Amino acid sequence: MASIIESGWLYLVTHFSDFQLASLGSFFIHESVFFLSGLPFIFLERAGWLGKYKIQRKMNSSAAQERCIMRLILYHFGVNLPLMIFSYPVFRYMGMRSSLPLPSWKVVLTQIIFYFILEDFVFYWGHRVLHTKWLYKHVHCVHHEYATPFGLTSEYAHPAEILFLGFATIVGPAITGPHLMTLWLWMVFRVLETVEAHCGYHFPWSLSNFLPLYGGADFHDYHHRLLYTKSGNYSSTFVYMDWIFGTDKGYRKLKALKSNEVEVEAGSKQI
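In this report, the structure presented in the accompanying data block is examined. Note that the structure is predicted; figures quoted are calculated from it, not measured. (Residues numbered from 1 in each chain as written. Predicted model: local features only at pLDDT ≥ 70, side-chain atom pairs only at ≥ 80, totals over all residues. Heavy atoms only, no water.)

### Quick notes on the pattern of salt bridges
In the structure shown here, the tally under the stated rule is 8 salt bridges. Notably, a salt bridge pairs Arg 190 with Glu 193, separated by 2.3 Å at the nearest N-O pair. Highlighted residues: Arg 190 and Glu 193, both in helix α8 (residues 180-197), separated by 3 residues, approximately one helical turn. Glu 193 matches Arg 190 in its accessibility class, with the two residues each being buried. A salt bridge links Arg 225 to Asp 221, with the nearest nitrogen and oxygen atoms 3.0 Å apart. In this pair, Arg 225 and Asp 221 both sit in helix α9 (residues 216-225), 4 residues apart, roughly one turn of the helix. Looking at Arg 225, the relative accessible area reads 31%, which means it is partly exposed. The class of Asp 221 is buried, set by a relative accessible area of 1%. Among the charged side chains, a salt-bridge network with shared partners connects Glu 119, Arg 190 and Glu 193. (Salt bridge = Lys/Arg side-chain N within 4 Å of Asp/Glu carboxyl O. Helix = DSSP H or I, 4+ residues; strand = E, 2+ residues; numbered from the N terminus. Buried < 20%, exposed > 50% of the residue type's maximum accessible area, 1.4 Å probe, protein only.)

And the structure:
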């Protein structure tokens, strides 16, 4: 398996320049993973499939979904692509490489775990800042246009917010100077995580059912449903930052109330 991966990587580095792989290649991978993982949730909502797992009863109109897609395309080509192009020299300076040999799986795993932890910490504080009155009104309110989120709304945001919170995603790789393959894997996992957090569905197989510290869709959906001054749940991936600083109290109270209601209903049925 390792030899197949190395052969494939050798083909890439011999047919494309470092710049092409790091900027255009990264953009292609990002767009592919983002839309392929996010679009199915639009179809699920329109078709009404798996409705029992939908967190909110409210549905988004087709026009609202299409507006989101069109603006995303504009933002991705107008903001994300230039950012990937102009950040290439920075990553090269910080030690990013694309040559063989590929890093060991232990190095890759360690770096990606570090990226998730650091990103969540930086994102939490940046997100809280965006919920201050002026920044919410002029910047972050764009992301909250969708009170009922679906997968693609994860990256629907004001261009200034894309740059501001995008720092949380790239600060880890910028510090460690990873191999490009590690950077791509980090980008794939981060995109899949944020799409899942905004998908609007809580499935029996959702990661939050198996990983206690993972937030997931149910955790973040609460954030979108409430007024910006009372929402809480500011973390991107995990739940411990909100727990430590008490910004998940409303969510925890709601979960406790729902749990009590289920217990009462179960008891009445037994009677």
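### Details of the packing of helix α2 (residues 18-47) against α8
Contact pair α2 / α8: the axes reach a minimum separation of 10 Å and the direction vectors enclose 25°. Taken as axis vectors, α2 and α8 run roughly parallel relative to one another. Between α2 and α8 lies a crossing of right-handed hand. In contact with Leu 21, Ala 22, Gly 25, Ser 26, Ile 29, His 30, Val 33, Phe 34, Ser 37, Gly 38 and Phe 41 of α2, α8 contributes Leu 180, Trp 184, Met 187, Val 188, Val 191, Leu 192 and Val 195. For the contact of α2 with α8, the per-class residue count stands at 13 nonpolar, 5 polar and no charged. (Axes fitted to C-alpha atoms, helices over the stretch in contact; angles between N-to-C directions. Parallel < 35°, antiparallel > 145°, perpendicular 65-115°, else oblique. Left-handed = near helix turned anticlockwise from the far one by under 90°. Contact = heavy atoms within 4.5 Å. Nonpolar A, V, L, I, M, F, W, Y, C, P; charged D, E, K, R; others polar.)

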